[in-house]
2 protein chains.
Amino acid sequence: MTVLVNGERGNGIDPSDRGLQFGDGVFETLRLDAGCPVLWERHWARLCRGLEGLGIPQPREQDCLDDLRAVAGSSLALAKLIVTRGPGPRGYAVPERVHPTRIAMGGGPLAIPDAGQILRLGICGTRAGRSPLPGCKHLNRLENVLARREWGADWDEGLMLDGYGNASCATQSNVFILDGRCLLTPPVDEFGVAGTRRGWLLEHAARAGLLVQEATLPLDRVLAAEAIFLSNSRMGLRRALLVGQRDSVAGDGPASAALAMVFELGAELNALV
Amino acid sequence: MTVLVNGERGNGIDPSDRGLQFGDGVFETLRLDAGCPVLWERHWARLCRGLEGLGIPQPREQDCLDDLRAVAGSSLALAKLIVTRGPGPRGYAVPERVHPTRIAMGGGPLAIPDAGQILRLGICGTRAGRSPLPGCKHLNRLENVLARREWGADWDEGLMLDGYGNASCATQSNVFILDGRCLLTPPVDEFGVAGTRRGWLLEHAARAGLLVQEATLPLDRVLAAEAIFLSNSRMGLRRALLVGQRDSVAGDGPASAALAMVFELGAELNALV
């Protein structure tokens, strides 16, 4: 894995960096195609929203793009971009002069499940807490770490509920259920992250004759759903089944037709460069 | 400030350290007296509880004590001890072999407010979220950072409410209100941190003829309280007044007598070595 810290190789992080001290920063996980981040505008917009929410000056966009190109190890690669508030003295108070730290890491192999593979989704006991920075990808990710530790040996992902017991997200992806010709996904104004692929789906579903809408999803509704989907920047849009449940979509029923439309939409999303 | 990473000076942190990536670790802020941490048993117990909750192997206690002694800059000093899960590959999954990172930093000047000084306490809009590791001091501290950014120019601390609108804690201390001869403090089973001084006060208040008890504290009750106190490892136990409120404790009433008892208790706490 190649790592750049403020554009340079081989640098360690200052132990006083507020990213380490407090999780005071944001990050993006990006799919790179020939060194170019897919859906960059969405990643950049979310990164900037998070930085603005925290009051951290934003880095130069071109520096981020240059870093990502430099860490891209293969034609199709996954990379992570982190921006923290940089080093500071003891205590929570933000220093008068902030020198943000920019970290780019990438080049690991990009393992994408086959489009036809149905992911096995378990249910985690760890709840998603109210986000201090709703919708953004901040560095306070202990809940995800704890939920990830709950995965059973036969799980590909873990569903996380919010404080009200409604589905919020999965440990590293957004969740959707199929309802007729509508894909329903939990809102992200309190819990969870506004995924870039989720955003794309909300805007482009109509092309495939589908509608994607935000809806509160009690666990019962997820348990009874005809089909479940997960999305993130690594794998795009993939179908999932709850562990222990059987695929109930019949051969040629309306659910089967809707499912085919979702797969078509997913194929379009997954082919974006 | 002197910094030791795994016992050595001058080391940077591996950018892949999970403390930076996810806030995957815990910390303690300690008052050192001639190189020895005050109330060490309580700090160590809480650190170990947090590590156990996260499934991070605990470091050798003696290594931590040696580090703290080495970073103590003056006879009375403040230090911070961080233990993270150490470096890892991409993703939330915990690596099979964990090599925790131990960081000790200290030596900054220890600014303790005068015992008689009444701290000015503002009320923050940032809420304390449900802790993923109740009572422990984990590295996910964005809420504290955001609340600290709200401090007005005339604030010494900021009160944080929980999701129910009850007082939870202050940005860097525990909160108490005086009720007769009882000091009431919010429980820490969902929100906030189980402070070492808070723990000591719960156990030792009887010595001064007082009782310290956990109680849910709606904001109204804090607003109406005869007296408010704050505690942490840096300043011990200090009195606070809400910004804009006037000291209502009369000269020789029962409240005044109780106040004197709290100051006596605080003096005992602050003198611990």
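Residues numbered from 1 in each chain as written. Chains lettered and ligands numbered in written order. Predicted model: local features only at pLDDT ≥ 70, side-chain atom pairs only at ≥ 80, totals over all residues.

### A look at the sheet that holds strand β8 (residues 157-161) of chain B
Residue and element names in this part refer to chain B. Short version of the rule: Should DSSP find at least two bridges between two strands, the strands are taken to pair. We count a stretch as a helix when DSSP gives it H or I for four or more residues in a row; a strand needs E for two or more, and each element gets its number in order from the N terminus. Think of each axis as a best-fit line through the C-alpha atoms, taken over the contacting stretch in the case of a helix, with angles from 0 to 180 degrees between the N-to-C directions. By definition, residues are in contact whenever their C-beta atoms, placed on the basis of the backbone, come within 7 Å of each other.
Here we have eight strands laid out as an open sheet, ordered β9-β8-β7-β14-β13-β10-β11-β12, and mixed in their pairing. Looking at the sheet topology across the chains shown, the edges are occupied by β9 (167-170) and β12 (211-214). The sheet shows a mean angle of 35° between the axes of neighbouring strands, taken without regard to direction. As paired elements, strand β13 (residues 227-232) and strand β14 (residues 236-242) share five bridges and run antiparallel to each other. Bridge pairing links F229 to R239 in β14. With respect to the sheet, helix α5 (residues 196-204) is in contact with β10 (174-179), β11 (182-185), β12, β13 and β14, its orientation differing from that of β13 by roughly 120°. Here helix α7 (residues 254-270) sits on the sheet and contacts β10, β11, β13 and β14; the angle it forms with β14, its principal contact strand, is near 140°.

### What about the relation of the copies chain B and chain A?
What counts here: What sets the superposition is a least-squares fit of C-alpha atoms, and only residues with pLDDT of at least 70 in both copies go into it.
Mapping chain B onto chain A calls for a screw motion: a turn of 180° about the axis and a shift of 0.0 Å along it, with 0.0 Å RMSD after fitting. In symmetry terms, the pair is related by a two-fold rotation axis.

### Some remarks on the pairing of strand β9 (residues 167-170) of chain A
Residues and elements named next belong to chain A. Relative to β9, strand β8 (residues 157-161) is paired through three bridges, and the arrangement is antiparallel. Bridged to L159 within β9 is A170. In this structure, the hairpin formed by β8 and β9 is closed by a connection of five residues, where G165 is found at a positive phi of approximately 90°.

### Some remarks on the domain arrangement of chain A
All names here are of chain A. Convention followed: Bear in mind that the domain bounds are from an automatic or database domain assignment. Throughout, the ten residues Ala, Val, Leu, Ile, Met, Phe, Trp, Tyr, Cys and Pro are labelled nonpolar, Asp, Glu, Lys and Arg are labelled charged, and all others, Gly among them, are labelled polar.
Looking at the assigned domains, one finds that chain A contains domain 1 (2-108) and domain 2 (119-270). Averaged C-alpha coordinates put domain 1 and domain 2 at centres separated by 26 Å. On the domain 2 side, the residues contacting the 18 residues of domain 1 number 12 residues. Classifying every residue of the side of domain 1 that touches domain 2 by side-chain character gives six nonpolar, seven polar and five charged.

### Here we look at the nonpolar core
Note the threshold: By definition, a nonpolar core groups buried Ala, Val, Leu, Ile, Met, Phe, Trp, Tyr and Cys residues that connect through C-beta atoms lying within 7 Å of each other. Residues with at least 20 neighbouring C-beta atoms inside 10 Å of their own are called buried, those with 12 or fewer are called exposed, and the rest are partly exposed, where every C-beta is derived from the backbone.
Counting 141 residues, the largest nonpolar core has A79 and L183 of chain A together with A79 of chain B as its most contacted members. Excluding its chain neighbours within four sequence positions, the residues that come into contact with A79 of chain B are L30, L32, L68, V71, A72, A104, M105 and G106 of chain B.

### A few points about the sheet that holds strand β11 (residues 182-185) of chain A
All names here are of chain A. If you trace the eight strands from one edge of the open sheet to the other, you get β9-β8-β7-β14-β13-β10-β11-β12, paired in mixed fashion. With one partner strand each, in any of the chains shown, β9 and β12 (211-214) form the two edges of the open sheet. When the angles between neighbouring strand axes are averaged without regard to direction, this sheet yields 35°. As paired strands, strand β7 (residues 119-123) and strand β14 (residues 236-242) are joined by three bridges and run parallel to one another. Its bridge partner lying in β14, L119 is registered against A240. Across the sheet, helix α5 (residues 196-204) is in contact with β10 (174-179), β11, β12, β13 (227-232) and β14; its angle to β13 comes to roughly 120°. Against the sheet, helix α7 (residues 254-270) contacts β10, β11, β13 and β14, and its axis sits at roughly 140° relative to β14.

### Overview of the packing of helix α2 (residues 40-54) of chain A against α5 of chain A
Residue and element names in this part refer to chain A. Put simply, the rule reads: When an angle is under 35 degrees it counts as roughly parallel; over 145 it counts as roughly antiparallel; between 65 and 115 it counts as roughly perpendicular; any other value is oblique. Here a crossing is taken to be left-handed if its near helix is turned anticlockwise relative to the far helix by less than a right angle, and right-handed if that turn runs clockwise.
The contact between α2 and α5 brings their axes to 9 Å, and the two run at 120°. Judged on the interaxial angle alone, α5 and α2 are oblique. For α2 against α5, the interelement crossing comes out right-handed. Packed against α2, whose contacting residues are R42, H43 and R46, the element α5 presents T196, G199 and W200 at the interface.

### Let's talk about the confidence of the model for chain A
Note the following rule: You can read pLDDT as the predictor saying how much it trusts each residue, on a scale of 0 to 100.
Taken over all residues, the pLDDT of chain A has a mean of 94, while the share at 70 or more is 99%. Both scores are available for the predicted complex, with the pTM at 0.96 and the ipTM at 0.96.

### With respect to the interface of chain B and chain A
Taken together, the contact pairs 40 residues of chain B with 40 residues of chain A. Of all elements in the fold, only β1 (2-5), α1 (18-22), β6 (101-108) and α4 (142-148) of chain B reach the threshold of two or more residues within the side of chain B that touches chain A. Here the element with the most residues in the side of chain B that touches chain A is α4 of chain B; it accounts for six residues. Here the side of chain B that touches chain A is composed, by residue class, of 17 nonpolar, 14 polar and nine charged.

### Quick look at the pairing of strand β5 (residues 76-84) of chain A
All names here are of chain A. Of all nine residues in β5, eight are buried; the element is thus mostly enclosed. Bridging between strand β3 (residues 25-33) and β5 involves nine bridges; their strand directions are antiparallel. Paired with T29 across the bridge in β5 is K80.

### So, the environment of S131 of chain A
Residues and elements named next belong to chain A. Structurally, S131 is set in the loop between β7 and α4 (142-148). For the pair S131 and L201, spaced 70 residues apart in sequence, the C-alpha separation works out to 23 Å. If sequence neighbours within four positions are ignored, S131 has contacts with E190 and F191.

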